[in-house]
Amino acid sequence: PVCNSIGQNIGYFLSFVGFLALNDPDSSENIWRPLMRLPSRPGIGLVSLGGFIKFMGIVMLVITSLVAIFKQEVPYRPS
């Protein structure tokens, strides 16, 4: 139950707060672009909605694939 709760909160944060922070032109120009040493592009956010959804979809597929490949099932032993 704890892992599920933590995962849901991280997902909620990334999908709402994370996207809004990266899409906002002002925060992109004043915080993210100087931090990542990217060229200035006033009035344009760092990511678009489509780009963000594609990136998060790829991340989800990669993590799901890694779990499916490397996670081993624990054998069930009835008492």
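Residues numbered from 1 in each chain as written. Predicted model: local features only at pLDDT ≥ 70, side-chain atom pairs only at ≥ 80, totals over all residues. Heavy atoms only, no water.

*Asks:* I'd like a rundown of the overall build of the chain, residues and numbers included.
*Replies:* What the chain contains, in helices and strands, is 3 helices and 0 strands. Counting helices and strands in the order they occur from the N terminus, the chain gives α-α-α. At 18 Å, the chain has a C-alpha radius of gyration far larger than the 12 Å of a compact globule built from 79 residues. Here the C-alpha coordinates of the chain stretch approximately 65 × 25 × 20 Å along the principal axes. Counting across all 79 residues of the chain, residues that qualify as buried make up 9%. Considering only intrachain contacts with a sequence separation of at least 6, the fraction spanning at least 24 residues in the chain is 29%. Carbon and sulfur atoms provide 70% of the accessible area of the chain, an area that totals close to 6900 Å². Charge separation in the chain, taken as the distance between the mean sites of 6 positive and 4 negative side-chain charges, equals 12 Å. (Helix = DSSP H or I, 4+ residues; strand = E, 2+ residues; numbered from the N terminus. Rg over C-alpha atoms; globule rule 2.2 N^0.38 Å. Buried < 20%, exposed > 50% of the residue type's maximum accessible area, 1.4 Å probe, protein only. Contact = heavy atoms within 4.5 Å. Areas by Shrake-Rupley, 256 points an atom, 1.4 Å probe, with all protein chains shown as cover. Lys, Arg positive; Asp, Glu negative; His and termini not counted. Charge placed at Lys NZ, Arg CZ, Asp CG, Glu CD.)

*Asks:* Tell me what's going on with unusual backbone geometry, and back it up with residues and numbers.
*Replies:* A positive phi angle is found at R37, which is not glycine, with a value near 55°. Residue position: R37 is located in the loop between α2 (25–36) and α3 (49–70).

*Asks:* So, the pattern of salt bridges: which residues are in play, and what are the values?
*Replies:* Taken as a whole and judged by the stated rule, the model has 1 salt bridge. Two residues, E29 and R33, come together in a salt bridge whose shortest N-O distance is 3.4 Å. Highlighted residues: E29 and R33, both in helix α2, separated by 4 residues, approximately one helical turn. (Salt bridge = Lys/Arg side-chain N within 4 Å of Asp/Glu carboxyl O.)

*Asks:* Explain the side chain of R33 to me, using residue names and the numbers behind them.
*Replies:* Given a relative accessible area of 4%, R33 falls into the buried group. Not counting chain neighbours up to four residues away, the residues in contact with R33 comprise S28, L38, P39, S40, R41, I44, G45 and L46.

*Asks:* How would you sum up the packing of aromatic side chains? Please name residues and give values.
*Replies:* Enumeration according to the criterion identifies 2 aromatic pairs in this entry. Both rings, one in Y12 and one in F16, keep their centres 4.8 Å apart while their planes meet at 50°; by these two values the pair is tilted. One end of the pair is Y12 and the other is F16, both in helix α1 (residues 2–23) and 4 residues apart, which spans about a single turn. With centroids separated by 5.2 Å and ring planes inclined at 50°, the aromatic side chains of F19 and F52 adopt a geometry described as tilted. Residue F19 is found in helix α1, and its partner F52 is found in helix α3; the two are separated by 33 residues along the sequence. With a relative accessible area of 12%, F19 lands in the buried category. We classify F52 as buried; its relative accessible area is 11%. (Phe/Tyr/Trp six-rings, centres within 6.5 Å; stacked < 30°, edge-to-face > 60°.)

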